[in-house]
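A look at the structure
Residue-level listing of the chains:
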Amino acid sequence: MSDGIQMRQYFPISLLGFVVTGVVFVLQAIPVTGIFLMFAFAMFWSAVLINASMIGVVIEVIVGRVSRLWLVLPLVFYGGYWIAATLDHFALRELSSRYDVANARVVTGFDPVRQALVFEGDGDGAWLTRNFALPVAYSVNPNFPEGYLSNRMIEITVCTKVRGSRALQAAFVHGFGFHDGDAIRSRRLEERFCNLSMPERPDLPMVVVGREETKDFEKSLPIKRITTTIAMPDGRRFELFGGVASPLSWIPMPIMGCALNSGPPSWDCTAGFWRNGFTPIVSGNTRYSRDSTVLAKALGLKPMAIDDRVGGDSTVVLAKIAEIEEATLPRQQSHN
C-alpha cells in the first residue's frame, strides 16, 4: 500500500490528460469513429486537455503532492511556446514594415478620366468603385465576345430596372446589392446604390492589374504572399506587396484531429498549434481589404466616405443597357 501511495505522489495525475488526448486522437484516426468525433469538434479537445494537464501539474506541485522538479514540464511547454510565438510576431512586424516602405514608394500616375482600370480575373474593381472615386473598373473575362466585364456603383433604381428585364438578364447584365462594414455583425446594407456588372470592353488605354499568390515562410512564420503588378499603358510596371500571415496565437492551443479531405477524397489527420490565420501583413486599421487600400493609394484614388457616395453617370449607363436590351430582344424572340 505504501508503495502505491509513493507512486501516486511521484507521478502527477494531471498528466492523464495527455493519455486521454492520445486515445481521442487514435479514435479520430479511425474513419468510422472519427467522423462522429469530427462533428463533436474533438480536434479542439486537445487544447483544453493539454492546458488543463499543465496547469494541474503546477497545482499539484503547489499543494506538495509531487516533486518541484515537475515544474520543468509546464515551464518548458509554455516558455518554449511563447518564445516561438514571439519570434512569429517579430517576423510579422519586420515583414509588415518592409512591405509598407516598399508600397509607399509606388506612385503610378493613374488617371481614371483618361485611363481604364482593368483587373486580370475578378480583382478589387467593384470594391474600389464603392469606396473610392473610381467611376468604373473592368475585369478580363474571355467568356464574352467583349472580353471584359465592367463594374460600376450606380443608383439603386438602375439595378431595379435591370432586375426587371429578362433581356438584360439574358445578356448577363446584373445588379447586385452590397454591404458596408468590416465585421459581420456591424455590416450594413447600402440602400441608395448597387453594383452593376455587364459585358463591356474598355474604350480608354488600359492600366492592367494582375495578382500572384505564393505560399512561403518568413523565418518560422507561414505566409501567403500576394504580389500585385500594375502595368501602365506606356510600359511601366509597378509591384505592390501584401498577403496574410499565420502567427501563433499568444495562448497555446494544441490541435490534434482528423477530417475528410474533399479534394482527393481521403481521411487526413494533423497535429499542431492553432495559428491566427488570415492576419494581414500590411499595416492598417481594418481587418479586411488592406491590400485593396494599398492598391488604391498607389493608383492615387481619392477615398470616398459612405455618406458622400456618388453613383456613376446614370444617363450613360442607361444608354448602354438600352443598346444591350435592343440587341438581345430580337435573339430572344427568334428563340421563342
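Scroll up for the structure.
Report on the accompanying structure. Predicted, not measured: the structure shown is a model, and the values here were computed from it. Counting starts from 1 at the beginning of each chain's written sequence and moves along it residue by residue. Selection of residues for local features in this predicted model requires a pLDDT of at least 70, selection of side-chain atom pairs for listing and counting requires 80 or more, and totals for whole chains, interfaces and linings are taken over all residues. The side-chain figures draw on all heavy atoms in the structure; neither hydrogens nor water molecules are used.

**A look at the pairing of strand 11 (residues 254-261)**
For a regular strand, side-chain orientation follows a simple rule: the groups alternate between the two sheet faces. Rules: One requirement defines pairing of two strands: DSSP has to find at least two bridges between them. Runs of E in the DSSP output that reach at least two residues are strands. Runs of H or I that reach at least four are helices, and both are numbered from the N terminus.
For strand 11 and strand 12 (residues 266-273), the ladder comprises 8 bridges, and the chain directions are antiparallel. Paired with N261 across the two strands is S266, which belongs to strand 12. Following strand 11, the chain reverses through 4 residues before pairing antiparallel with strand 12.

**Things to note about the layout of surface pockets**
The condition that has to hold: Buried and open spaces are told apart on a 1 Å grid over the protein atoms alone, a cavity being a set of points where a 1.4 Å probe fits but cannot get out and a pocket being an open set with protein on both sides within 12 Å along at least five of seven lines. Residues with an atom within 4 Å of a point are the lining residues. Grid points are joined across faces, edges and corners, and a volume is the space filled by probe spheres set on the points.
What the largest pocket holds in volume is close to 1100 Å³. Together, 41 residues line the largest pocket, and T286, Y288, S289, R290 and T293 are the ones closest to its centre. Looking at the lining of the largest pocket, the elements with two or more residues in it are helix 5 (72-104), helix 6 (125-131), strand 5 (179-180), strand 9 (221-231), strand 10 (237-245) and helix 9 (290-299). In terms of residue count, helix 9 provides more of the lining of the largest pocket than any other element does, 7 residues in total.

**So, the packing of aromatic side chains**
Here the distance between the centres and the angle between the planes together describe a pair of aromatic rings. Condition: Only centres within 6.5 Å qualify two rings of Phe, Tyr or Trp (six-membered ring in Trp) as a pair; their planes then separate them into stacked at under 30 degrees, edge-to-face at over 60, and tilted for everything else. For the exposure calls, accessible area comes from a 1.4 Å probe over protein chains only, and a residue counts as buried if that area is under 20% of its type's maximum, exposed if over 50%, partly exposed in between.
Evaluation of the coordinates by the stated rule reveals 10 aromatic pairs. Here Y10 and W70 contribute two aromatic rings whose centre-to-centre distance is 6.3 Å and whose plane-to-plane angle is 70 degrees, an arrangement assigned as edge-to-face. One end of the pair, Y10, is in helix 1 (residues 2-10); the other, W70, is in the loop between helix 4 (45-62) and helix 5, and 60 residues separate them in sequence. Note on Y10: relative accessible area 54%, which makes it exposed. With relative accessibility at 19%, the residue W70 sits in the buried group. Seen in terms of ring centroids, Y81 and F273 are 4.9 Å apart; in terms of plane orientation they differ by 50 degrees. Their pairing is tilted.

**Some details on the environment of S289**
Within the secondary structure, S289 sits in the loop between strand 13 (279-280) and helix 9. Among the residues examined, S289 registers a relative accessible area of 29% and is labelled partly exposed. Once the C-alpha coordinates of S289 and E213 are considered, the two residues, 76 residues apart in sequence, prove to be 16 Å apart.

**A short note on the pairing of strand 8 (residues 206-218)**
Pairing geometry for strand 1 (residues 116-119) and strand 8, over 4 bridges, is parallel. Considered in strand 8, the bridge of F119 is made with V209. Sheet analysis places strand 8 next to strand 9, joined by 11 bridges and oriented antiparallel. Within strand 9, the residue paired with G210 across the bridge is T229.

**Let's talk about the state of the cysteines**
This is how it is decided: By definition, disulfides here are pairs of cysteine sulfur atoms that lie within 2.5 Å.
Applying the stated criterion across every chain, the model contains 2 disulfides. Across the disulfide from C159 sits C194; the S-S distance is 1.8 Å. Classification of the bridge connecting C159 and C194 rests on its S-S torsion, roughly 95 degrees, and on that basis the disulfide is right-handed. In this pair, C159 is assigned in helix 7 (residues 156-163) and C194 in strand 7 (residues 193-199), connecting sequence segments 35 residues apart. You can call C159 buried: its relative accessible area is 0%. Given the relative accessible area of 0%, C194 is considered buried.

**So, the side chain of E190**
The test is simple: The contact rule is simple, with two residues in contact once any of their heavy atoms fall within 4.5 Å.
Along the chain, the position of E190 falls in the loop between strand 6 (188-189) and strand 7. Excluding its chain neighbours within four sequence positions, the residues that come into contact with E190 are F178, D180, I306 and R309.

**Description of the environment of D203**
Here D203 shows up in the loop between strand 7 and strand 8. Judged by relative accessible area, which is 72%, D203 ranks as exposed. Distance in space between the C-alpha atoms of D203 and A116 is 7.6 Å, their sequence separation being 87 residues.

**Re unusual backbone geometry**
Look at F41: it is not a glycine, yet its phi comes out positive at around 55 degrees. The topology assignment puts F41 in the loop between helix 3 (31-39) and helix 4. We note that F172 has phi near 65 degrees; this positive angle belongs to a residue other than glycine. Relative to the helices and strands, F172 resides in the loop between helix 8 (166-170) and strand 4 (174-176).

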